[in-house]
Amino acid sequence: QVQLVESGGGLAQPGGSLGLSCVASRILFGVNAMGWYRQAPGKQRELVATITSAGSINYADSVKDRFTISRDNAKNTVYMQVNSLKPEDTAVYYCNAHYRIGPNWVDSWGQGTQVTVSS
């Protein structure tokens, strides 16, 4: 019941930066979390960063010194600034929302945005 749309991906040089955005179709009420996952060809989808409704943030070890996640509840938006990019950051980045509908916890996923890091 919540649609997510990512944007901001593209081509960057090693050491460069991009700003990713994910807009939800409505505000998420109650306890919830939003996050970014990524998947490269032939690899498992992996958690990159999450931010809860209380503001608690977790990063994967591989990105914690370089990426910054934030959210603006008034705009139904979660952001991720990706800095000091490396070729191994190349992947499709997916936005995720984890929230409750009635008694059930559900997940919504965006369509993904491609990040390519290459010289």
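Reading the values: the criteria
Residues numbered from 1 in each chain as written. Predicted model: local features only at pLDDT ≥ 70, side-chain atom pairs only at ≥ 80, totals over all residues. Heavy atoms only, no water. Pairing = 2+ DSSP bridges. Helix = DSSP H or I, 4+ residues; strand = E, 2+ residues; numbered from the N terminus. Axes fitted to C-alpha atoms, helices over the stretch in contact; angles between N-to-C directions. Phe/Tyr/Trp six-rings, centres within 6.5 Å; stacked < 30°, edge-to-face > 60°. Lys NZ or Arg CZ within 6 Å of the ring centre and 35° of its normal.

Draft legend 1. Seen up close, the sheet that holds strand 7 (residues 67-72). Read across the open sheet, the 4 strands follow the order 1-3-8-7; overall the sheet is antiparallel. A strand with exactly one partner marks an edge of an open sheet, and here the two such strands are strand 1 (4-7) and strand 7. This sheet shows a mean twist of 15° between the axes of neighbouring strands, independent of strand direction. For strand 1 and strand 3 (residues 18-24), the ladder comprises 4 bridges, and the chain directions are antiparallel.

Draft legend 2. Quick look at the packing of aromatic side chains. As enumerated under the stated definition, the model contains 1 aromatic pair in all. On the basis of an interplanar angle of 65° and a centroid distance of 5.0 Å, the ring pair of Tyr37 and Trp109 is categorised as edge-to-face. Taken together, the residues Tyr37 in strand 4 (residues 33-39) and Trp109 in strand 10 (residues 104-109) connect sequence positions 72 residues apart. A cation over an aromatic ring shows up here: Arg45 above the ring of Tyr94, its NZ or CZ 3.9 Å from the ring centre.

Everything listed is a geometric property; what it means functionally is a separate question.
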